[in-house]
Amino acid sequence: MAAVDSPLVSIPHTNGNGVLHDGPVEPAISFDPTLFRAYLLALLPPVVGATPAELDDIFDDEFDERVQRFAGEGGGAIYVVKKKDEAEDDTPPTYSYSLTQHLAYHPSHVTTLAIIKRGAILDPLSPLATQLHILNLFGGDETPYESLHAVVSSAVKPWFEAFVGARGGGKDGDQKMGIPMTKKKFAELELSLLHLQQNVEIPETHFIIHPAIQRAVEQARTQGSRPSISDLPPKLLSDSTFLNTLHGHVNQWIKSIQTVTKLSRDVASGTASQEINFWVSLDSALEGIGAQLRSDEVAMVMDCLRNAKRFRATVSFIADTGLNDATDTVHKYNQLMKDFPLNELLSAPDLDKIQESLILIFGHINRKLKLSPYPIRRALPLVEAISRDFNDQLLRVLTSHRLLYTPYETFERLLSQTMGIFQTWDDHIKEFTKVAREVTRRRSEKFIPIKVVPAHAKLQDRIRYLRDWRKQHEQLAVMTGPTKGLSAVGMEVGGMDMEEEVKEAYEVMKRIDVLDVSLEGSEIWVTAENAYNERVARVENQIIARLRDRLGTARNANEMFRVFSKFNALFVRPKIRGAIQEYQTQLINSVKEDIKRLHDKFKTQYRSSEAYHMSQMRDLPPISGAIIWARQIDRQLQTYMKRVEDVLGKGWELYAEGQKLQSESAAFRKKLDTRPVYDAWLHDINRRDMGVTGQLFEIVRLRGGGFQLAVNFDPQIITLFKEVRNLLWQNFQVPHAITNMAKDAKRVYPHAVSLMETVRTYGQTLDLVENNKGIEWLVAEYRNEAQRMVNKGMNIRWDHFINTYDSASRFVPSADGLDTRHIQFVREFASIVSVLQDKTNNVIDLFKDIMRAVDELATCSYASEPFSDLLGKIQAAIDRLNLEGYANLDHWVAELDQKIEGILLQRLTHIIQVWCTEFDRTDDADRPALPMRDITNKRRGDKRVKEEKFLEGHMVLKPIVHEIRIQNQVIFLDPPIEYARHTWITQLHEWIGIVCRLRRIQSSRYEIGLQMQGSGGLETTYTSLLTRFPDATLERPFALIENKVQQLKDYVAKWLQFQSLWDLEAEYVFNRLGEDLGLWQQLLTEIKKARSTFDTSETQKTFGVCVIDYEQVQARVNAKYDAWQRDILSRFGVKLGNAMKEMHATILKARNDLEHQSIEGLVGGSRRF
């Protein structure tokens, strides 16, 4: 700086018009240093803590010169330095002061006060306080970074932002002036100072080099040769003291290198920038160590030790230091740390930049973490440190906006953007967690829970709560404003100005830091909020009283809806909402019920609704009807949603209940969109390629096989012109081609409808014929006539119909009437099919009556009258068929007659079985159950029961009674056995004759000529059925009769044997027996046994259907038998007595002979033996 020799300074001079003068100038007013001296004496004692006596060092001989240079042009600033004097530790410190224009830094400098000029020169006429800046630069610390950071962050940067904010102007204006870039530079400067303050100092490593080694290396470099051990004196290489010194230096190197390689830090203890800078600085330190190890001095030391065979120091030198491993680890970690975009976050001036920086940071972490082996256990605290930085930066930006002082729109925009930033953080944390888990699994590291505890969680909750609180306050402020009329009401009711009360309540909240989430800040918030709520509660009570008054006087739901629609903005406040909850619940339930009915109406679908049937009645086509129906439901739904908003207030969809209703409503309205219905219809019409061309009929292949006749006319084209007309009314744009097609369809569709109806009737009639087997032959003539018309119609085309109309859709008859033959064909075909339908329906009714009667033949009572009645009905139906002229009647009746024969043959077989069962029964009380009917009768259980009851009551064989009589001492049977055979065969013939004598059905009763010619050869009854039994059914009853007759003959023969009781002479019997008592005894035994035939209490013997009555002859035979028995018994007694006497005499004689014998002789005889 050039010294100022004179206080007079030459300056360019201009006149009033701004023209420069080249003439001599007047000297400027000189600055008096005493003014500055007085200023310093007043300034420095309170600012730097100096006494006036201590300031004498400043006012030395050069003081005036320094002040003149500073006051003149060119001197920018002057500095007052407070320096601590050196002294003993136990003596109090002393300070010295100096004034200088050159700034220097020394650890002994306690404070440096910078005095800066605002203008080019100092004006002695103006106060110095308006011309000077004062800046206090504190020293005495290890580094001045903290002081500089405080000056930039707390003074310079906020002052600049305050000026920019006060000046106003939009973003575009700021962009042109470079203000955002300046803000960013300020933020980067602040960040750089913070980094310098936070950096972990890596200790510098300087290797100790022996002076001899140092000299040898310098000497070799001077000579331009490569240093080697040959440059050292040989004596020195073998000097143990020298070698020991070198060895000790190497060990010190190892320790100092290990100090760096083993250096680490706790990532959770500091900021994210400290962690990043630590690894970057460590990388630089390791590179410096590596450079020293590659130096000539270190190489010469190692060569000396190797030459002296001190391998212990040289071999493991690198391994002991751990330099390679540490360098490799740091290089790999720096893949993540290098170019880490943390500064983007820390220097972000607004919310947009913060959000962009988060995206950059997590993109970098997630990408590099897959490449770098940086441990996940360090990455998690690193992300938490980033969260702390994110929290601080967000607080810094939001605090600068003074949230509660901003208009609500700005407030809402800022907080909405902030919540979006929080959501961005959450989304990226999820992605980071996924990457961390994947990396942990791939590296096979020890499992640790991947969880990041965000430092901004409390701030996020506070912002969310603050946003809701401000919204509720804003709604309350709006509703209590002068436009709503509530303030006047409040004044009348409670004497309170509600608008003023709400403003005063808000002022309480404006005085606090709403973003302070510390424990003390939370307590302040709670206290302020309670004070706010106390004031607001009085306003709410007034509003509630007025609202309840209005709701209470409402006469119906619609009036309640009007009240709710006016004050619905207040319903988000819990107290007001709770006070009118009963009314809200009542009305919301009403709306929900209405919406539920809409849902139910829609779920029934249009085709199942009453509207569909009404649309058909009103000739509305299906697509148009569905669109009108859906739009009606949509309009009703909108009305109901408006009512929900009236009841729950604006923003009702944000509440749980409203959100559910809104989502359901949105989903429902999406279903009610009619555009897809129209597009689908349009696509279907275009895809179908519909047109009125081609042949009249077509043959369609059925899915299940077979073919079917159809009209070659798309049914959709019939309703096409109706759809087009209604869709145009609904403001849909219908393509021109479809409109023309609809016009063509309108011209010919009456004939097409007639033909389609005729073909449908024809198909249904053929299905009826197919489903009623047995009537094909009867209607064959009418069906052939219809098929002839179909064959004729195969040659007719639709073009013939279209050409019969002119462009104005008027019918144009041909001069010769040929064109009308196509229309005539349609009418004739319809007439023939109608006749076929009538004849078919008629014959089906008759056929069903006939088949019903035929079926009843199998189940009716087995009597002549029921059979005759049924066959009479069948014959009457056949006569009607004959009278109406149905074809193939003879053949059809013949088949029917065969079916009737089969049924009657079954009835005959069954009745013969029943007759045999009846004939075989042995007793009236012991009848076996009737055999089961054949398979055709199993389905008619009730009729079978009825028939069996009839058989039991009527179809029975009456027992025949035969008497054994005695007349003129002759026993005989009356009536004889042949009478029984005749009776039984006659009854069998009567049973069979019920069926066999029935009159056969005939088809030709109206054919006179045929009747006369063939009356003699036709069989008129069913007697021939007796020849058609497949087995010996008919022989069985006759065999049973013969068996029964034989039984009767055998039994009667026993009674006829008793005739010998009268014919036999007693003497003849006695002579035959003679004197043999055994024969007499045998005869008596046989007589006793033979008495069992007649000597019983019964008077008759039953043989099932025949009874032998022997009462008349029983007593006489018994008496005769008794007489014979007495005679033989008395004669046997006489002969037995005589025999006993003779035997007694013989025994007595033998006894006498025995008594006369000697006992001795008997004994002696025995001895001889």
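All values derive from a computational prediction rather than experimental measurement.

Turning our attention to the overall build of the protein. For the protein, the helix and strand inventory stands at 44 helices and ten strands. Counting all 1169 residues of the protein, 40% fall into the buried class. Taking the intrachain contacts of the protein between residues at least 6 apart in sequence as the baseline, contacts between residues at least 24 apart amount to 74%. For the protein, the accessible surface area stands at approximately 66100 Å², while carbon and sulfur atoms represent 52% of it.

The angle between the axes and the distance between the axes are what describe a pair of packed helices. In the contact formed by helix α28 (residues 675-688) and helix α29 (residues 720-729), the axes pass within 13 Å of each other and the chain directions differ by 145°. Considering how the two elements wind past one another, α28 and α29 form a crossing that is left-handed. In this structure, α28 contributes Y678, W681 and I685 to the contact, and α29 contributes L720, E723, V724 and L727. Partitioned by chemical class, the residues of the contact of α28 with α29 number six nonpolar, no polar and one charged.

Before going further, it helps to examine the side chain of R1000. Mapping R1000 onto the fold places it in the loop between α37 (977-996) and α38 (1008-1014). Classification of R1000 by relative accessible area gives buried; the value is 7%. Polar side-chain contacts of R1000 include one of 2.7 Å to the backbone oxygen of T1021. Engagement of the side chain of R1000 in a polar contact is seen with the side chain of S1024, the distance being 3.3 Å. If sequence neighbours within four positions are ignored, R1000 has contacts with Q875, D897, E901, E1019, T1020, T1021, Y1022 and S1024.

Backbone-to-backbone hydrogen bonds join strands into a sheet, with any given pair of strands oriented parallel or antiparallel. Overall, antiparallel pairing links the four strands, which are arranged β2-β1-β3-β4 in an open sheet. Each of the sheet's edge strands pairs with one partner strand only, and the pair in question is β2 (95-100) and β4 (132-138). Taken pair by pair, the neighbouring strands of this sheet meet at an average axis angle of 15°, ignoring direction. Of the pairings in the sheet, the one linking strand β1 (residues 77-84) to strand β3 (residues 109-117) comprises seven bridges and is antiparallel in character. Residue V80 lies in a different strand from β3, and its bridge partner there is L113.

Before going further, it helps to spend a moment on helix α43 (residues 1111-1155). Spanning 45 residues, α43 covers 64 Å between terminal C-alpha atoms, matching the ideal 66 Å at 1.5 Å per step. Every buried residue of α43 is accounted for by V1113, Q1114, V1117, N1118, Y1121, W1124, I1128, F1132 and K1135.

Counting 129 residues, the largest nonpolar core has L720, I874, W892, L896, I900 and W984 as the members making the most contacts within it. Per element, the largest residue contribution to this core is 16 residues, and it comes from helix α33 (residues 820-857). When residues no more than four places from it in sequence are discounted, the contact partners of W892 are G774, W777, L778, F847, I850, I878 and L881. Core analysis: the second largest hydrophobic core is formed by 109 residues, A212, W279, V397 and F422 among them.

Further remarks concern the pairing of strand β7 (residues 960-967). What you see with β7 is a clean split: I960, H962, I964 and I966 sit on the buried side and V961, E963, R965 and Q967 on the side with no burial. Note that β7 and strand β10 (residues 1106-1109) share four bridges and pair parallel. Residue pairing for β10: V961 is matched across the bridge by V1107. Examined bridge by bridge, β7 and strand β8 (residues 970-974) share five bridges and lie antiparallel to one another. In the sheet register, I966 faces β8, and the bridge partner there is I971. Linkage of β7 to β8, two consecutive antiparallel strands, is achieved through a turn of two residues, within which N968 is found at a positive phi near 55°.

In total, this model carries 22 aromatic pairs according to the counting rule given. Ring centres of Y1051 and F1103 lie 5.4 Å apart, and the angle between their planes is 65°; this geometry places the pair in the edge-to-face category. Highlighted residues: Y1051 in helix α39 (residues 1035-1057) and F1103 in the loop between β9 (1100-1102) and β10, separated in sequence by 52 residues. Grouping residues by exposure puts Y1051 and F1103 together as buried. Within the aromatic cluster, the residues linked to one another by ring pairs are Y465, W469, Y506, W525 and Y532. Its guanidinium or amino end placed over the ring of Y405, R402 lies 4.1 Å from that ring's centre, counting from NZ or CZ. Lying across the ring of F411, R470 places its NZ or CZ 4.7 Å from the centre.

At their nearest, the axes of helix α18 (residues 457-479) and helix α20 (residues 498-510) sit 10 Å apart, and the two run at 160° to each other. Classified by the interaxial angle, the pair formed by α18 and α20 is roughly antiparallel. Helix-helix and strand crossings are classified by hand; for α18 and α20 the assignment is left-handed. Only V502, Y506 and M509 of α20 make contact with α18, whose side of the interface consists of W469, R470, H473, L476 and A477. Tallied by class, residues from the contact of α18 with α20 come to six nonpolar, one polar and one charged.

In this model, D974 is joined to P975 through a cis peptide bond whose omega is -5°. Among the secondary structure elements, P975 is positioned in the loop between β8 and α37. Even without being a glycine, D339 presents a positive backbone phi close to 60°. Turning to its location among the elements, D339 is positioned in the loop between α13 (323-337) and α14 (342-346). We classify D339 as exposed; its relative accessible area is 65%. For R402, which is not glycine, the phi dihedral falls at a positive 50°. Inspection of the secondary structure puts R402 in the loop between α16 (376-400) and α17 (408-443).

With 82% of its residues at a pLDDT of 70 or more, the protein has an overall mean of 77. Segment residues 1-28: pLDDT under 50, and 23 contacts once partners within four positions in sequence are set aside and those in other chains are kept. Note on residues 487-495: pLDDT is under 50 here. Beyond four places in sequence and across chains, it has 14 contacts.

Scoring rules and cut-offs
Position numbers for residues count from 1 along each chain, tracking the sequence in the order it is written. Reporting in this predicted model follows two pLDDT cut-offs: at least 70 for local features of residues, and 80 or more for side-chain atom pairs to be given and counted; totals over whole chains, interfaces and linings ignore these cut-offs and use all residues. Only hydrogens and water are removed before side-chain values are computed, so all heavy atoms of the structure are retained for them. A run of H or I in DSSP becomes a helix once it reaches four residues, and a run of E becomes a strand once it reaches two; helices and strands are each numbered from the N terminus. We call a residue buried when its accessible area falls under 20% of the maximum for its residue type, exposed when it is over 50%, and partly exposed in between, using a 1.4 Å probe and counting protein chains only. What makes two residues a contact is simply this: any of their non-hydrogen atoms within 4.5 Å. Note on areas: these come from Shrake-Rupley sampling with a 1.4 Å probe, and a residue is covered only by the protein chains present in the view. Lines fitted to C-alpha atoms define the axes, with helix axes restricted to the stretch in contact, and inter-axis angles between N-to-C directions lie between 0 and 180 degrees. Each helix crossing is assigned a hand: it is left-handed if the near helix lies turned anticlockwise from the far helix by less than a right angle, otherwise right-handed if that turn is clockwise. Polar here means any residue outside two lists: the nonpolar Ala, Val, Leu, Ile, Met, Phe, Trp, Tyr, Cys and Pro, and the charged Asp, Glu, Lys and Arg; Gly therefore counts as polar. The term polar contact refers here to a pair of N or O atoms within 3.5 Å; inside protein, the definition further demands a hydrogen-donor-capable atom paired with an acceptor-capable atom, and it admits residues adjacent in sequence only when both atoms are side-chain atoms. Any two strands between which DSSP finds at least two bridges are classified as paired. Here a helix's expected span is defined as the number of its residues, less one, multiplied by 1.5 Å. We define a nonpolar core as any set of buried Ala, Val, Leu, Ile, Met, Phe, Trp, Tyr and Cys residues linked to one another through side-chain atoms lying within 4.5 Å. Between rings of Phe, Tyr and Trp, where Trp is taken as its six-membered ring, a pair exists when centres lie within 6.5 Å; planes separated by under 30 degrees are stacked, by over 60 edge-to-face, and by other angles tilted. When the NZ atom of lysine or the CZ atom of arginine is within 6 Å of a ring's centre and also within 35 degrees of its normal, the charge is said to sit over that ring. Here is the rule for angles: anything less than 35 degrees is roughly parallel, anything more than 145 is roughly antiparallel, 65 through 115 is roughly perpendicular, and the remaining ranges are oblique. As a per-residue measure, pLDDT reflects the predictor's confidence and takes values from 0 up to 100.

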